[in-house]
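Take a look at the letters that make up each chain.
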Amino acid sequence: MLSAHGTAALLCAAFVLAGCATPDRPLPRTALASAADLAPSPAGADPRQPYSFRASDARWNDYTRVLLQPVVLYAGADAQFGDASDDDKRQVMAALRSSFEAALRRRYTIVDEPGPRTLKLRLTLTGFEKNTPVLATLTKVLPIGLIRNSIKSAYDEQGSLSGSLSYAVEVYDASNDRLLRAFVAKRYPGALNIGASLGTLDAARTAARDGGLALLDDMR
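Summarised in this report is the structure supplied together with it. (Residues numbered from 1 in each chain as written. Predicted model: local features only at pLDDT ≥ 70, side-chain atom pairs only at ≥ 80, totals over all residues. Heavy atoms only, no water.)

Let's shift gears to the pairing of strand β8 (residues 178-187). A large share of β8 lies buried, amounting to 9 of its 10 residues. Note: strand β2 (residues 51-54) against β8, 4 bridges, orientation antiparallel. Across the sheet, the residue bridging to Phe53 is Ala182, located in β8. Hairpin remark: strand β7 (residues 164-173) followed by β8, antiparallel, with 4 residues in the connecting loop; positive phi at Asp177, about 60°. (Buried < 20%, exposed > 50% of the residue type's maximum accessible area, 1.4 Å probe, protein only. Helix = DSSP H or I, 4+ residues; strand = E, 2+ residues; numbered from the N terminus. Pairing = 2+ DSSP bridges.)

Structure follows, in structure tokens:
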């Protein structure tokens, strides 16, 4: 078992390595069906959605149902899965589906086929980062990490050694396949969220829940 000094030294080394890494910038996801419609989000927009499209005449109140398609695993060259296993990908895809479905059920009826007043929603998992086991949690409770993550929390930045989730949302009118809303997003839990740091995929799961609720709020 590491001593307190040993743990502190390990955290310092981890912070140095993390600081040297190339920042993981959100990408436009060129293999998406909506790629040609996506543009850099305007100033003041949600920074977690760097590329987006919104039909100016979309009337969300006209819709009461959602056809939620199976989650797609992104296969473009700009995917960001790192060393994730196939099982990791399946688990995150399942979390993405269940989280968005639970959020959408608060306002819409989930259906299996197109019909009147129906939206068609396609979710694409484009990447995720896993928590660094143990260290991600230690950075939130030990002084050296707590100070750094407190600063990150104040600026709404990703926590040290903590994971994230990258995905795309495409919303169509199910009656004519007209694109109403699309964006690529990168979400992550708050930098001081201990519960989201325990398992390697817990940050991605938490981000999926937050993303579902954010979409519901977006479609107003």
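The next thing to look at is the pattern of salt bridges. Counted according to the given criterion, the structure contains 16 salt bridges. Arg205 is paired through a salt bridge with Asp202; the nearest N and O atoms lie 3.1 Å apart. Of this pair, Arg205 and Asp202 both sit in helix α5 (residues 202-218), 3 residues apart, which is roughly one turn of the helix. The class for Arg205 is partly exposed, based on a relative accessible area of 27%. Sharing partners across several salt bridges, the network here consists of Arg54, Arg181 and Asp218. (Salt bridge = Lys/Arg side-chain N within 4 Å of Asp/Glu carboxyl O.)

Right, let's talk about the packing of helix α2 (residues 86-104) against α5 for a bit. Packed helix pairs are characterised by how far apart their axes lie and by the angle those axes make with each other. The N-to-C vectors of α2 and α5 enclose an angle of 30°; their axes lie 8 Å apart at closest approach. Considering the angle they form, α2 stands roughly parallel to α5. Remark: the crossing between α2 and α5 carries right-handed chirality. Contacts between α2 and α5 pair Gln91, Val92, Ala95, Leu96, Ser99, Phe100, Ala103 and Leu104 from the former with Ala204, Arg205, Ala208, Arg209, Gly211, Gly212, Leu213, Leu215 and Leu216 from the latter. (Axes fitted to C-alpha atoms, helices over the stretch in contact; angles between N-to-C directions. Parallel < 35°, antiparallel > 145°, perpendicular 65-115°, else oblique. Left-handed = near helix turned anticlockwise from the far one by under 90°. Contact = heavy atoms within 4.5 Å.)

Let us look at the packing of aromatic side chains. Summed over the entire model, instances satisfying the criterion amount to 2 aromatic pairs. Arranged with centres 5.8 Å apart and planes meeting at 75°, the rings of Phe81 and Phe128 form a pair that is edge-to-face. In this pair, Phe81 is assigned in the loop between β4 (72-73) and α2 and Phe128 in strand β6 (residues 118-129), connecting sequence segments 47 residues apart. Over the face of the ring belonging to Phe81 we find Lys89, whose NZ or CZ atom lies 4.9 Å from the ring centre. The ring centre of Tyr172 lies 5.4 Å from the NZ or CZ of Lys120, which sits over that ring. (Phe/Tyr/Trp six-rings, centres within 6.5 Å; stacked < 30°, edge-to-face > 60°. Lys NZ or Arg CZ within 6 Å of the ring centre and 35° of its normal.)

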